[in-house]
Amino acid sequence: MNSEEKSSIRAQYISMIICWLAYTSACMARFSYSANIASIEKDYNVGNASAGLVMTFFAAAYGLGQFVHGALCMRYPRKQIVSLALFVVSLINLSLFFGVPFGAIKYLWLVSAAFQSILWPISLQIISENVGEKLMPKAVFLMSTTTALGTFTVYGISTVFVEINYRITFAVCAAILFAFAIIWYICYKPGHFLKTEKEERQNENTNGKFLYILIPVLLLGIFSLITNFMKDGIQTFVPVILKSISKLPDSFSMMLTLVLPLFGIFGSMLAVNLNKKIPKVIPLCLFFFGAISFFNAVVLFFGNNIFVTVLSFGILELLLHGSSIAIVSIFPLAMRKRMSSGALAGLLNGAAYIGTAISTYALGKIADVSGWSAVFATLVGISVSAFVLGGVYLVFTVKHKELDI
């Protein structure tokens, strides 16, 4: 390997790592609220629906931002925009450390969402342009771990500080975001594959048919919405659910909740490895939805058993992360020669956060009115519906092979 090849590989790894650091730290900031939701409800004396409304504001702004930034990310000055986004999110997290009034939190989280929504489409766009075919599987796997690792890290930090002062978690997240903003500004450089990927994508677009891409993308948008409705809805309220079942102290309930992000990391690995056996993304999603339906039913019927509930939540986290990664990471990067990975990632991740916006308030409201059993009855119905919808689509593609992408 000559020096030019070594330099190229080094540049590709740097692109992958700084994208991973930026988005992982953003996930820490995003879930710092969810990780402390039980403490926040107690501190501010608010109910599940009011506490969930904060994440509804976040998800609505984040989802809308994904559509906007996905369309525009190819035009952004990457070095400046990512550093700015991380810096603003850092300041907002720091404001929660200083104890802003509860009524202001949803608006601060909305602003945070507007800046965080820059990061996913621009990260995948940079990777699609900067990373070659040989290292792309590693890039897909690395980016697939961001949400799970960010969530695990912030829940771990919260476990340490919840009995001392839960607000310290927000200060720690702010410091990490600020540090990574500086690292990005110093380390980001355009990669060597930019021109090549543009030329290959233009050649593919002239030969492709837009409609044959649009229809499965719309279906995957629905799948993305449903996946995040379940994933983030469950993740947000798990500490509250576990505490309601077992009357555990906050710190122990938080420690049990750490199981979920760990399983999410394995879900990323599962999705990447299953993709080798099931290369088409829609059949891959159907595998996940079938298994998700089963474990939602397990929680519904055996939810009073703390061991069964925690184990089922862990497996659900694995499956839901796997489904999410297949849709918003594996698929956009696999399509990079046919369309902008950043635009596709923004579209599908935007749909995901519409699901989050609906779920965090709706599931909290259902729980307030009818209890957590009604929540999981709802989740069973939704996951089964997704499985049936995907099955109908696959039957349709038997006669229309061009739609099976």
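Residues numbered from 1 in each chain as written. Predicted model: local features only at pLDDT ≥ 70, side-chain atom pairs only at ≥ 80, totals over all residues. Heavy atoms only, no water.

Peer 1: Pulling in residues and values, what's your account of the overall build of the protein chain?
Peer 2: Along its length, the protein chain carries 17 helices and zero strands. The 405 residues of the protein chain split such that 56% are buried. At a minimum sequence separation of 6, the contacts of the protein chain that also span at least 24 residues come to 85%. If you sum the accessible surface of the protein chain, you get close to 16,200 Å²; carbon and sulfur atoms cover 70% of it. (Helix = DSSP H or I, 4+ residues; strand = E, 2+ residues; numbered from the N terminus. Buried < 20%, exposed > 50% of the residue type's maximum accessible area, 1.4 Å probe, protein only. Contact = heavy atoms within 4.5 Å. Areas by Shrake-Rupley, 256 points an atom, 1.4 Å probe, with all protein chains shown as cover.)

Peer 1: So what's going on with the layout of surface pockets? Which residues, and what values?
Peer 2: Its volume calculated, the largest pocket comes out at about 580 Å³. Lining the largest pocket are 23 residues, with Val140, Asn275, Ile330, Leu333 and Ala334 sitting closest to its centre. Counting residues per element, the ones that place at least two in the lining of the largest pocket are helix H7 (136–144), helix H13 (259–277) and helix H15 (306–334). (1 Å grid on protein atoms, 1.4 Å probe; cavity = no way out; pocket = protein on both sides within 12 Å on 5 of 7 lines; lining within 4 Å. Points joined across faces, edges and corners; volume = space filled by probe spheres on them.)

Peer 1: Summarise the packing of aromatic side chains; cite the residues concerned and give the values.
Peer 2: Tallied over the entire structure, the rule returns 13 aromatic pairs. Both rings, one in phenylalanine 97 and one in phenylalanine 98, keep their centres 5.1 Å apart while their planes meet at 70°; by these two values the pair is edge-to-face. Its relative accessible area of 62% is what places phenylalanine 98 among the exposed residues. Between phenylalanine 223 and phenylalanine 289 the ring centres are 5.0 Å apart and the planes differ by 65°, which places this aromatic pair in the edge-to-face class. Highlighted residues: phenylalanine 223 in helix H11 (residues 210–246) and phenylalanine 289 in helix H14 (residues 281–302), separated in sequence by 66 residues. With relative accessibility at 0%, the residue phenylalanine 289 sits in the buried group. Connected via pairs of aromatic rings, a cluster forms that spans Tyr33, Trp109 and Phe170. Looking at lysine 79, its charged tip hangs above the ring of tyrosine 185, at a distance of 4.8 Å from the centre. (Phe/Tyr/Trp six-rings, centres within 6.5 Å; stacked < 30°, edge-to-face > 60°. Lys NZ or Arg CZ within 6 Å of the ring centre and 35° of its normal.)

Peer 1: Help me get a handle on the nonpolar core, residues and values and all.
Peer 2: Residues Tyr33, Trp109, Leu220, Phe223 and Phe313 are the most contacted members of the largest nonpolar core, which totals 109 residues. Residue contributions to this core peak at 14 residues, all from H11. Judged by nonpolar contacts, the second largest core, of seven residues, contains Phe31, Val154, Tyr155 and Cys173. (Core = buried A, V, L, I, M, F, W, Y, C linked by side-chain atoms within 4.5 Å.)

Peer 1: Can you break down the packing of helix H3 (residues 48–72) against helix H16 (residues 341–370) residue by residue, with the values?
Peer 2: Two elements in contact, H3 and H16, have axes whose closest approach is 7 Å; the angle formed by their N-to-C orientations is 165°. Between H3 and H16, the crossing angle belongs to the class labelled roughly antiparallel. Where H3 crosses over H16, the handedness of that crossing is left-handed. Here the residues of the contact of H3 with H16 are counted per class, giving 16 nonpolar, 13 polar and two charged. (Axes fitted to C-alpha atoms, helices over the stretch in contact; angles between N-to-C directions. Parallel < 35°, antiparallel > 145°, perpendicular 65-115°, else oblique. Left-handed = near helix turned anticlockwise from the far one by under 90°. Nonpolar A, V, L, I, M, F, W, Y, C, P; charged D, E, K, R; others polar.)

Peer 1: Please provide a residue-by-residue account of the packing of H15 against H16, values included.
Peer 2: When two helices pack together, their arrangement is given by the angle between the helix axes and by the axis-to-axis distance. The geometry of H15 relative to H16 is characterised by a closest axis approach of 9 Å and an angle of 160° between their N-to-C directions. It follows that H15 is roughly antiparallel to H16 by the angle criterion. Handedness of the H15/H16 crossing: right-handed. Residue-level contacts link Ile327, Val328, Phe331, Pro332 and Leu333 of H15 to Ser341, Leu344, Ala345, Leu348 and Asn349 of H16.

Peer 1: Go over the side chain of serine 359, please, and point to the residues and values.
Peer 2: Tracing the backbone through its elements, the reader meets serine 359 in helix H16. A residue is classified by how much of its surface remains accessible, and serine 359, at 0% relative accessible area, is buried. Looking at serine 359, its side chain comes within polar contact range of the main-chain oxygen of phenylalanine 229, at 3.3 Å. Among all residues touching serine 359, those that are not within four sequence positions of it are Asn228, Phe229, Asp232, Gly233 and Gly364. (Polar contact = N/O pair within 3.5 Å; in protein donor to acceptor, adjacent residues only side chain to side chain.)

Peer 1: Outline the side chain of serine 117, supporting the account with residue identities and numerical values.
Peer 2: Secondary-structure assignment places serine 117 in the loop between helix H5 (102–116) and helix H6 (119–130). For serine 117, a relative accessible area of 0% gives the class buried. Residue contacts for serine 117: discarding those within four places in its chain leaves Tyr62, Gly65, Gln66 and His69.

Peer 1: Describe in detail the pattern of salt bridges, supporting the description with residues and values.
Peer 2: Pairing is possible between side chains of opposite charge, provided their charged atoms come close. Following the criterion strictly, the structure yields two salt bridges and no others. Measuring nitrogen to oxygen at the nearest pair gives 3.1 Å for the salt bridge that ties aspartate 43 to arginine 167. Placement of aspartate 43 in helix H2 (residues 37–44) and of arginine 167 in the loop between helix H8 (146–165) and helix H9 (168–187) is noted, with a sequence separation of 124 residues between them. The partner of glutamate 129 in a salt bridge is arginine 78, and the shortest N-O contact between them spans 3.1 Å. Of this pair, glutamate 129 sits in helix H6 while arginine 78 is found in helix H4 (residues 78–97), placing the two residues 51 residues apart along the sequence. Arginine 78 gets classed as buried once you look at its relative accessible area, which sits at 11%. (Salt bridge = Lys/Arg side-chain N within 4 Å of Asp/Glu carboxyl O.)

Peer 1: With reference to specific residues and values, describe the confidence of the model for the protein chain.
Peer 2: Note that predicted coordinates carrying low pLDDT should not be read in detail. Considering every residue of the protein chain, the mean pLDDT works out to 83; 88% of them sit at 70 or more. The least confident element of the protein chain, judged by mean pLDDT, is helix H10 (residues 194–207) at 48; the most confident is H9 at 93. Low confidence marks residues 203–208, where pLDDT is under 50. Its contacts with residues over four positions away, or in another chain, come to four contacts. (pLDDT = per-residue confidence, 0-100.)

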